[in-house]
Amino acid sequence: TPPYGGVPIAEYEINTIPPTSKYTTTSTFTRINGLTNGIPYIFTVLGKNTLAPQGGLAYQAVVSTALTTSEFLGPSSIVATNGELYIADNHAIYQLSSGVRQVFAGSVGNPGNVDGKGIAARFNAPSGIVADSLGNLYVADTNNNAVRKVDRQANVTTYSQQIVSTPTSIAIDLYSYIVTTNTIGNNINIIKPDGTVSVIAGSGASGQADGTPRVATFNAPQGIAINSFYTQLYIADTGNHIIRKIDNEYNVTTIAGTPGQAGYVDATGLSARFSSPTGLAFNQEGYLFVADTGNNTIRKINTTTLEVTTIAGYGVQGDDNGDGANATFMQPNSLTFDSNMTMYVLEPSTIRTVTFTPIATATPTATPINYTPAAPTNLSATAEVGGSAITVRWTPPPPTVIPLTSYIVTYNTQTVTIDDGTISSYIIRNLVGNVAYTI
C-alpha cells in the first residue's frame with residue numbers, strides 16, 4: 001500500500017535478499033520468478049516517481065510564519081533569490097534577509113518614476129516582481145506602465161523602451177524575454193531584450209474564450225509563470241476562476257477550473273474549481289502551485305495529468321500553522337520557491353513558509369518465503385534395449401505459487417540440471433553396463 005499524499009508514485013522497485021533480479025512495476029503486486037528452493041528471501045519495496053519533469057518523492061506540507069508586520073500596506077508580490085526575499089509594496093521593493101526587513105529600492109509611500117540607486121529610485125504602485133538566474137530583479141511598475149530592472153547593487157533602470165500597459169504580474173525566460181499580465185486590459189504582453197513591447201494573447205475584451213492569440217479572451221488575469229522548459233506560459237485568469245495555458249505559438253487553452261464558476265473542488269482539469277486564483281509558481285519538480293486567494297488555500301497542478309490537489313489550507317480563513325491539512329491562510333496572493341524547495345506565501349500582513357517533509361517511502365519487509373515444493377512422484381527408469389541409456393520419468397508436484405524452473409537429476413555421484421521445469425522425463429546416456437545406478 002503506497003504512502004498517502006505528495007507526488008504520485010509512478011513505479012515500484014522490488015529487491016530481494018539474497019538478490020535475484022531487480023524488478024520494477026507500476027502495479028501494487030508482482031510475481032518474482034527465479035528463486036532458489038530452500039532459501040528464505042526478504043523483499044523490500046521502494047516507491048519511486050520517474051515522470052520527468054514532474055518526478056520526486058511524496059511530501060507532507062508544513063506551514064509556519066516567517067514574518068508578521070503591520071507596516072505592509074498591500075504587498076502584491078514576492079520572489080526568492082540568492083537566499084533572500086524581495087517584496088513589492090507601497091511604491092518600494094523590500095528585502096528580507098536573515099529575518100531583517102529593509103527597503104532595497106524605491107521610497108516607501110512616495111510614488112514616482114525615477115531611475116537611480118536604492119532609495120533614490122522611484123516606483124509607482126509596483127505589483128509584480130521576478131528574478132533572473134543572476135539575481136537581478138524585474139519589476140512590473142504598474143502605474144508607470146513600465147518594466148524596471150533592479151540589479152544586485154540596487155541600481156534601478158527602465159528595462160522597457162515602450163509603454164507596457166498596466167503590467168501586473170511578471171515572468172522571465174532563459175533569454176531575458178519578459179512577459180506581463182495586463183489585468184485591466186485583459187491581455188498578455190511580451191517585452192523583448194531590446195525593450196520593444198507587443199501583445200501576444202488576448203483580444204482586450206473581457207471573456208473566457210480559448211483560441212488563437214487574437215481570439216482568446218481573459219477576465220482580469222493576474223499571476224503568470226513559465227515552465228522549466230520555457231515552452232509554455234501559465235496564467236491565473238482571476239476573474240474567470242481558471243488557470244490558462246499559452247503555448248509557444250501563443251494559443252490559449254483552459255487547463256484547470258470551470259470558466260466563470262467559483263468553487264473549491266479538487267479534481268482533474270475542468271472539473272476542478274478555484275476562487276479568484278492569483279499567484280502562480282513552479283517548484284523544482286515541475287509542479288505548478290496556485291495561490292487560490294478566494295479559497296484561502298494553496299493548490300497544486302500536475303500539468304501533465306491536470307490533476308488539481310490542495311497541499312495546504314482547507315477553505316477557511318485564518319492564520320493557523322501546522323501540517324498542510326490543518327493550516328489556514330488569510331487571502332494568499334503570491335508565492336515563490338527558494339533553492340531548498342521552501343515555498344513562501346505572501347498575505348496582506350504576513351509571509352508564511354511551507355516546507356515539504358518527505359513522507360517515508362514504502363520499504364516494508366515482506367514475510368519470508370521458503371520455497372520447498374514436494375518431490376516428484378511416480379519415479380521410474382526404463383533401460384534402452386541394447387544400449388547404454390535409460391529414460392527417467394516422473395510426475396511433477398502440484399502447481400505452487402512459484403512455478404518450477406528446473407529439475408536436478410542425480411544418479412550415483414553425477415548430477416545434471418534440467419533447465420526446463422515443465423518437462424517430466426529425461427534420457428541419461430553413456431551409462432556403463434552391469435552397473436547398478438541409484439536415481
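Everything discussed here concerns the structure shown above.
This section reports on the structure supplied with the text.

So, how was this worked out
Residues numbered from 1 in each chain as written. Predicted model: local features only at pLDDT ≥ 70, side-chain atom pairs only at ≥ 80, totals over all residues. Heavy atoms only, no water. Helix = DSSP H or I, 4+ residues; strand = E, 2+ residues; numbered from the N terminus. Buried < 20%, exposed > 50% of the residue type's maximum accessible area, 1.4 Å probe, protein only. Contact = heavy atoms within 4.5 Å. Areas by Shrake-Rupley, 256 points an atom, 1.4 Å probe, with all protein chains shown as cover. Phe/Tyr/Trp six-rings, centres within 6.5 Å; stacked < 30°, edge-to-face > 60°. Lys NZ or Arg CZ within 6 Å of the ring centre and 35° of its normal. Pairing = 2+ DSSP bridges. Salt bridge = Lys/Arg side-chain N within 4 Å of Asp/Glu carboxyl O. Patch = residues over 30% accessible without salt bridge, like charges linked within 9 Å, V, L, I, M, F, W, Y side chains within 5 Å. Axes fitted to C-alpha atoms, helices over the stretch in contact; angles between N-to-C directions.

## Here we look at the overall build of the protein
Scanning the protein from terminus to terminus reveals 0 helices and 35 strands. When the 439 residues of the protein are sorted by exposure, 46% land in the buried category. Of all intrachain contacts in the protein linking residues separated by at least 6 positions in sequence, the fraction that spans at least 24 positions is 47%. Of the roughly 20400 Å² of accessible surface on the protein, a fraction of 52% belongs to carbon and sulfur atoms.

## Digging into the side chain of Asn144
Along the polypeptide, Asn144 turns up in the loop between strand E11 (137-141) and strand E12 (146-150). When near neighbours in sequence (up to four residues on either side) are disregarded, Asn144 contacts Gly112, Asn113, Arg122, Phe123 and Asn124.

## Considering the packing of aromatic side chains
As enumerated under the stated definition, the model contains 9 aromatic pairs in all. Judged by centre distance (5.2 Å) and plane angle (65°), the ring pair of Tyr86 and Phe104 falls under edge-to-face. Of this pair, Tyr86 sits in strand E6 (residues 84-89) while Phe104 sits in strand E8 (residues 100-106), and the two are 18 residues apart along the sequence. An aromatic cluster of at least three residues, connected via ring pairs, comprises Phe289, Phe337 and Phe356. In this structure, Arg101 packs its charged tip against the face of Phe72, placed 5.2 Å from the ring centre. The ring of Phe274 is capped by Arg299, whose NZ or CZ atom sits 4.9 Å from the centre of that ring.

## Quick notes on the pairing of strand E16 (residues 187-191)
Summarising burial for E16: 5 of the 5 residues are buried, a large majority. Residues Asn187, Asn189 and Ile191 of E16 are buried on one face, and the alternating residues Ile188 and Ile190, pointing to the opposite face, are buried as well. Relative to E16, strand E15 (residues 178-182) runs antiparallel, the two sharing 5 bridges. From the neighbouring strand, Val179 faces E16, where its bridge partner is Ile190.

## Here's the deal with the environment of Thr44
Tracing the backbone through its elements, the reader meets Thr44 in strand E3 (residues 40-48). Along the chain, Thr44 and Ile17 lie 27 residues apart, while their C-alpha atoms are 8.4 Å from each other.

## A look at the pattern of salt bridges
Under the counting rule described, the total for this entry stands at 7 salt bridges. Each of Asp115, Asp141 and Arg148 takes part in a single network of salt bridges with overlapping partners.

## A look at a nonpolar patch on the surface
On the surface, a cluster of nonpolar side chains totalling about 440 Å² of accessible area is made up of Leu174, Tyr175, Tyr177 and Tyr230. Checked against the element boundaries, Tyr230 lands in the loop between strand E18 (221-226) and strand E19 (233-237).

## A short note on the sheet that holds E16
Ordered in space as E14-E15-E16-E17, the 4 strands form an open sheet in which the pairing is antiparallel. Looking at the sheet topology across the chains shown, the edges are occupied by strand E14 (167-172) and strand E17 (197-201). Averaged over all pairs of adjacent strands, the angle between strand axes in this sheet comes to 30°, irrespective of strand direction. Where E16 meets E17, 4 bridges bridge the pair, whose relative direction is antiparallel. Within the sheet, the bridge partner assigned to Ile190 lies in E17 and is Ser198.

## A look at the sheet that holds E8
Strand order across the open sheet formed by 4 strands is E5-E6-E7-E8, with antiparallel pairing between neighbours. Both edges of this open sheet fall to strand E5 (77-81) and E8, since each of them pairs with a single strand only. On average, each strand axis in the sheet is tilted by 25° relative to the strand beside it, whichever way the strands run. Alignment of E6 against strand E7 (residues 92-97), held across 5 bridges, turns out to be antiparallel. Paired with Leu85 across the bridge in E7 is Leu96.

## Describing unusual backbone geometry
We note that Thr166 has phi near 30°; this positive angle belongs to a residue other than glycine. Residue placement: Thr166 occurs in the loop between strand E13 (155-158) and E14. We classify Thr166 as buried; its relative accessible area is 19%. Of note in this structure, Tyr250 is not a glycine but carries a positive phi near 70°.

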